[in-house]
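These are the residues of each chain, in order.
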There are 2 protein chains.
Amino acid sequence: MAKTTTPQKAAAVRQRGVTMSDVAQHAGVSRTAVSFVLNNRENASISEETRIRINDAVQALGYRPNAGARALASQRSDWYGLVTEIVTAPFAVDIIKGAQDQAWLDHRFLLIAPSDQADAVGPNQGLEDAATEKLLEQRVEGLLYAATYHRGVHVPESAHEVPTVLINCFDADGKLPSIVPDERGGGRVAVDRLLRAGHSRIGVINLDPHIPAAVGRLEGAREALAGAGLELDPELVVSGHATADGGYEAACQILDRYPQQDRPTALFCLNDRMAMGAYDAIKERGLTIPGDIAVIGFDNQELIAAYLRPKLTTVALPFEKMGALGVQTLAALTAGQPITADQQLVDCPLLERSSV
Amino acid sequence: MAKTTTPQKAAAVRQRGVTMSDVAQHAGVSRTAVSFVLNNRENASISEETRIRINDAVQALGYRPNAGARALASQRSDWYGLVTEIVTAPFAVDIIKGAQDQAWLDHRFLLIAPSDQADAVGPNQGLEDAATEKLLEQRVEGLLYAATYHRGVHVPESAHEVPTVLINCFDADGKLPSIVPDERGGGRVAVDRLLRAGHSRIGVINLDPHIPAAVGRLEGAREALAGAGLELDPELVVSGHATADGGYEAACQILDRYPQQDRPTALFCLNDRMAMGAYDAIKERGLTIPGDIAVIGFDNQELIAAYLRPKLTTVALPFEKMGALGVQTLAALTAGQPITADQQLVDCPLLERSSV
DNA sequence: GTTGGCAAGTAACGCGAGTTACCTTCAGCG
DNA sequence: CGCTGAAGGTAACTCGCGTTACTTGCCAAC
């Protein structure tokens, strides 16, 4: 009877895939032995000979472990969930890249779930909650939330059921660990660079002054100037819409406001898109970059910065590193290790190109 | 005995999460009944009253199904795997977005695995094979392969074990269904637009002439010209490096080659980056866009096209739609439906902005 | 009053693994 | 000869859930 079922089983196997039992049978051992070998358990006593027989059987049958079954039995999934609006607004894709690569290195799987672009005030909790819920159904061991731009967010209630780390955003109320760019350091680095190039009269094209990026970068600029014994002239700070057009207009204002000798010799644009507009304003006036006006940007949007003529010197947002660090932090959390700081700042490095 | 284990179980439950058995117990029914209700099986006879009791218990306990266990028992995972180098080189992120959104709509989960940027000849099979293997271990029901740019690829052997669809690339040897942009149609649309604007002498800034994108777009341009009784002047086609610099140089060549009256009045740039360089070449010569020279691009790289001044009219690569269509095709395949065509072409729509 | 049938539900098995407790054998030693 | 202990395994339970087959009670029909 048992014999007659074997061929049936073999047929079924072809459909269902090879299981550990098949391997065991092929190797002439018990399924337990196979399990021991595959997970190479230290204190299990398996002779070298049978270990080889089992490994051969694995090869021969093309056995492929069933991750789901393994997760079920072992009560650990090796999955992290990443909820992000980046899928929707791919400004900061590199966060995903960094997280994905790091997860891959750690032999973990990243389940990515989309979230709506959430506004700072009342996030569209619908999709976000659903995404979180779905991820928890997959029994992820931890959650990551990533935002396209640095800001405060509200995470769904259920996120608190597992270790959670925020990337490029921070928890408005609670106490979740977060990874954010060191905007202030970036601002400092940018203005320092201009100072080093001999500029002392520096115009700033600002973002919406209320967002964390603007606050931090401007503060950094102030610090750098202070380090050189200078102050930030409020008249030289113009806020604009965070687009090329906004940058164009702001640059026009700054450039046209003064007679030539009082005109700033450098512009610190708080993002690259605005720098792109500033380029046009400068060129229109017959001025050269960086000869007459040096320009430094922020964000390092490759497609802009690397292709503008001259190429734009800018400060990079460390998306990839933040993604990786997020996964590392989560790994530490799920392993029960204590996290050093609630908020980790990641350096924004200067990228030298040709506009300063 | 059974009673005394209950509190232990309850304690364990707190750690492990609520299971269907807990729900059943809370509702005073069998686990089977709960299963029937949750999957609302048609032909199962459950009274309205107990159905409500069970749903209440689900709410009360905050029960959350275990996707892995469900997959194990039902032998279907509702998971698709997406192997892509886009994670590595995020040029075509919108493919992921389109696929992700569509999968979400279909109540399926997309597992995204990274692949190295593969060159056309010998793809780095290492990571790709590993990624595929990992996805199969997760028992995905189907696989998607997405490339950053339209080209031929080799998929790992094991991909043939489940339904597989290629997005933005095609199978060099085998016969896998694929979704690719209609490059030819896009070329036609672009040149048609220029013809409609009254241009008859059109310069073309070409990509590497061997890649599918160049072949198709150029062929489309030829068709459009033929439709107007014109021919493509080979002298007006200049190939350049696919960058802003390459576009700049190619544009210089074309613009400087002829006396003003013979100069082309429009440029068809086969990608937006090259158009960006062409802009500079044109502006440097004191010419205006589109007054003196009209420019049309291809790819619709938002960060470039929407921020150039004037904004660039271009033909969009339908990344998002390709992603969605990929998932739909895969859904049809896994459902056993026959696929209409081996290769599906997706329209490349014209995006009118201000450069024509 | 038997039969039959349907509504309402349950026991029990299987999915593919991890894991614990137990069982042989055989060598070595007193 | 009998005992001990390690090497080399295995049977059986568990994880959370889908699913099939079977039971029970009740009412209508013959």
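Details of the structure are given in the entry above.
Residues numbered from 1 in each chain as written. Chains lettered and ligands numbered in written order. Predicted model: local features only at pLDDT ≥ 70, side-chain atom pairs only at ≥ 80, totals over all residues. Heavy atoms only, no water.

Draft legend 1. Structural detail: the pattern of salt bridges. Under the definition given, this model contains 50 salt bridges over all chains. Across the pair Lys311 of chain B and Asp245 of chain A runs a salt bridge whose closest N-O atoms are separated by 3.4 Å. Of this pair, Lys311 of chain B sits in the loop between helix H12 (302–305) and strand E10 (313–316) while Asp245 of chain A is found in helix H10 (residues 244–257), placing the two residues in two different chains. Given the relative accessible area of 30%, Lys311 of chain B is considered partly exposed. Asp245 of chain A sits in the partly exposed class, given a relative accessible area of 32%. For the salt bridge of Arg201 of chain B with Asp233 of chain B, the shortest nitrogen-to-oxygen distance reads 3.8 Å. With Arg201 of chain B in the loop between helix H8 (183–196) and strand E6 (202–206) and Asp233 of chain B in the loop between helix H9 (212–227) and strand E7 (237–239), the pair connects residues that are 32 residues apart, well separated along the chain. Assessed through its relative accessible area of 26%, Arg201 of chain B is described here as partly exposed. Exposure remark for Asp233 of chain B: the relative accessible area of 24% places this residue in the partly exposed category. When salt bridges that share partners are traced, they join Asp245 and Asp280 of chain A together with Lys283, Arg309 and Lys311 of chain B into one network. (Salt bridge = Lys/Arg side-chain N within 4 Å of Asp/Glu carboxyl O. Helix = DSSP H or I, 4+ residues; strand = E, 2+ residues; numbered from the N terminus. Buried < 20%, exposed > 50% of the residue type's maximum accessible area, 1.4 Å probe, protein only.)

Draft legend 2. Structural detail: the packing of helix H2 (residues 20–27) of chain A against helix H4 (residues 48–61) of chain A. Residue and element names in this part refer to chain A. One way to put it is that H2 packs onto H4 with a least axis distance of 9 Å and a crossing angle of 120°. Considering their axes alone, H2 and H4 lie oblique with respect to each other. The handedness of the crossing between H2 and H4 is right-handed. Here H2 contributes Asp22, Val23, His26 and Ala27 to the contact with H4, which in turn contributes Arg53, Ile54, Ala57, Val58, Ala60 and Leu61. A per-class count over the contact of H2 with H4 returns seven nonpolar, one polar and two charged. (Axes fitted to C-alpha atoms, helices over the stretch in contact; angles between N-to-C directions. Parallel < 35°, antiparallel > 145°, perpendicular 65-115°, else oblique. Left-handed = near helix turned anticlockwise from the far one by under 90°. Contact = heavy atoms within 4.5 Å. Nonpolar A, V, L, I, M, F, W, Y, C, P; charged D, E, K, R; others polar.)

Draft legend 3. Main features of the relation of the copies chain A and chain B. Superposition record for chain A on chain B: RMSD 0.1 Å, screw rotation 180°, translation along axis 0.0 Å. Accordingly, the operation relating the two chain copies is best matched by a two-fold axis. Of every C-alpha in chain A, the one belonging to Gly68 of chain A sits nearest the axis of rotation, 2.6 Å from it. Comparing interface residues between copies, 100% of those in chain A also sit at the interface in chain B, which points to an isologous, same-surface contact. (Least-squares fit on C-alpha atoms with pLDDT ≥ 70 in both.)

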